[in-house]
Amino acid sequence: MNEKDQLNVIIVGASGYTGAELAAQVERHPYAKLCGLYVSENSQDAHKPISQLYGQLRGVVDLPLTPLAATIDPQTFADIDAVFLATAHSVSHDLAPQFLACGCQVFDLSGAFRVNQADFYPKFYGFEHHHADWLDKAVYGLAEWQAEGVRDAQLIALPGCYPTASLSALKPLQHAGLLTDNCTPVIDATSGVSGAGRKASLTSNFCEVSLNPYGVGVHRHQPEISYHLGREVIFTPHLGSFPRGILATIHVDLKTDVTLADVNQAYQSAYADKPLVRLLEPGIWPAIKAVANTPFVDLNWSLQGHHLIIFSAEDNLLKGASAQAIQCFNIHYGYPSTLALTGDVAC
Ligand SMILES: NC(=O)C1=CN([C@@H]2O[C@H](COP(=O)(O)OP(=O)(O)OC[C@H]3O[C@@H](n4cnc5c(N)ncnc54)[C@H](OP(=O)(O)O)[C@@H]3O)[C@@H](O)[C@H]2O)C=CC1
Ligand SMILES: CC(=O)N[C@@H](CCC(=O)OP(=O)(O)O)C(=O)O
């Protein structure tokens, strides 16, 4: 392939869990050239080959992790087409506008540009947002629902992992007008520990992790889901003792005249032509085992009177983060949405 057919891509935050997944995905993308992997200026991993941290990348991606200054040098990135920011919210908040000013296409995996509401960032992220202009222009990269926006925008704000699982389940019902007016969906979701990132902390310590709720009533994904669904939700995350994957169980009330056929139709029309959302056969329930290490979100549902229970499973690092980022990259540049994502599923 001629080099001009490839887009020059870099990953910032490449030593983290989602960054490392991105490195493998970009490397196998036929129209992307992996031009650099970046970490913070004083990173303890600076200059190490990424494959020294992630042995599965040995011989696949051996590029070094390059330190990145807080103020970037535009000359260094003059030839870069697309940047994936797999960095903490506050880091993305500071870096995204700099790369955007260089003319780069930015795919931000953090929450820094997901919700365009004045009091949201001080309240839920603990910092003032200083880039209202980019908040206005950013498109929320829930890929199945935002294809047009993703095609046009220079800044794509990828959804959080729980919001992807939750919104994928709820949007078809909301869109089809099947929920009662006063329905407040109740979302109980359990995540594997990689959701907390690679850095050591007491809560993700092997001996501390069991199965427990956390962030009860205060988790930042509650307002993110509500904002992008267009109605209030009750959201309770749980931490489970497994490495990767999310299972969400969601309860909603349907209008009295809604039938199972209406529900099935709502999901079919939303996802029939969307290969990364799998609607399971009756009686087959979404399971983390079936989605871990895959780019899919699996859905199924059970109608009990006018009460519907929806089950949604995904890999938090893939459909919940890096695979959806690549999906948006593909949509933005006009490639098939699954390029570099499917065809590599291990059992
Ligand atoms: N983990 C998950 O399941 C999901 C995560 N996300 C979001 O994606 C982003 C990345 O998450 P995750 O991969 O888990 O995070 P990790 O903590 O695993 O990785 C963070 C990365 O950022 C690097 N980094 C830190 N500071 C800077 C800086 N100033 N400049 C450049 N690089 C820096 C770190 O390296 P070093 O410190 O050595 O510099 C590391 O490579 C976060 O915003 C997270 O909220 C979204 C959906 C799901
Ligand atoms: C298990 C665990 O700790 N999960 C993370 C969610 C990670 C994620 O998707 O989200 P953001 O990009 O919004 O940070 C948490 O609850 O903070």
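Per an unreviewed UniProt entry, the chain is named N-acetyl-gamma-glutamyl-phosphate reductase, and its organism is Celerinatantimonas diazotrophica. The record held by UniProt for the chain lists under Sequence similarities (unreviewed entry) the comment "Belongs to the NAGSA dehydrogenase family. Type 1 subfamily." Under the UniProt heading Catalytic activity (unreviewed entry), the note attached to the chain is "N-acetyl-L-glutamate 5-semialdehyde + phosphate + NADP(+) = N-acetyl-L-glutamyl 5-phosphate + NADPH + H(+)".

A. Representation of the sheet that holds strand S10 (residues 234–240). The strand order S9-S10-S8-S11-S14-S13-S12 describes an open sheet built from seven strands, whose pairing is mixed. The two strands at the open ends of the sheet, each matched to only one other strand, are strand S9 (211–213) and strand S12 (277–279). This sheet shows a mean twist of 20° between the axes of neighbouring strands, independent of strand direction. In this structure, S9 lies alongside S10, joined through three bridges in antiparallel fashion. Each bridged residue has a counterpart across the sheet, and for Asn212 the counterpart in S10 is Leu239. Strands strand S8 (186–191), S10, strand S11 (246–253), strand S13 (297–304) and strand S14 (307–314) of the sheet are contacted by helix H7 (residues 161–175), whose axis makes an angle of about 140° with S14.

B. Main features of the sheet that holds strand S5 (residues 105–108). Here seven strands make up an open sheet; going across it, the order is S3-S2-S1-S4-S5-S7-S6 and the pairing parallel. Looking at the sheet topology across the chains shown, the edges are occupied by strand S3 (65–68) and strand S6 (139–140). Along the sheet, helix H3 (residues 89–101) contacts strand S1 (7–12), S3, strand S4 (82–85), S5 and strand S7 (155–157); its crossing angle with S4, the most-contacted strand, is approximately 180°.

C. Geometry of unusual backbone geometry. Positive phi values are uncommon outside glycine, yet His47 reaches one of about 75°. On the secondary structure map, His47 appears in the loop between strand S2 (32–40) and helix H2 (50–53). Owing to a relative accessible area of 60%, His47 belongs among the exposed residues under this scheme.

Each value, and the rule that gives it
Every chain begins its residue count from 1, and numbering advances along the sequence as written. Chain letters start at A and ligand numbers start at 1, both assigned in the order the entries are written. Restriction of local features to residues with pLDDT of at least 70 applies here, the model being predicted, together with a cutoff of 80 or more for giving and counting side-chain atom pairs; totals for whole chains, interfaces and linings are based on all residues. Values reported for side chains reflect all heavy atoms of the structure, with hydrogen atoms and water molecules removed beforehand. UniProt positions are given in the numbering used here, feature names are shortened, and annotations may be inferred rather than shown by experiment. Only when DSSP finds a minimum of two bridges between them are two strands counted as paired. Here a strand is any run of E in DSSP of at least two residues, a helix any run of H or I of at least four, and the numbering for each starts at the N terminus. Where helices are involved, their axes are fitted lines through C-alpha atoms of the stretch in contact, as for all axes, and angles between N-to-C directions lie from 0 to 180°. Whether two residues touch is decided by their heavy atoms; if any such pair falls within 4.5 Å, the residues are in contact. Throughout this description, buried means an accessible area under 20% of the type-specific maximum (1.4 Å probe, protein chains only), exposed means over 50%, and partly exposed covers the range between.

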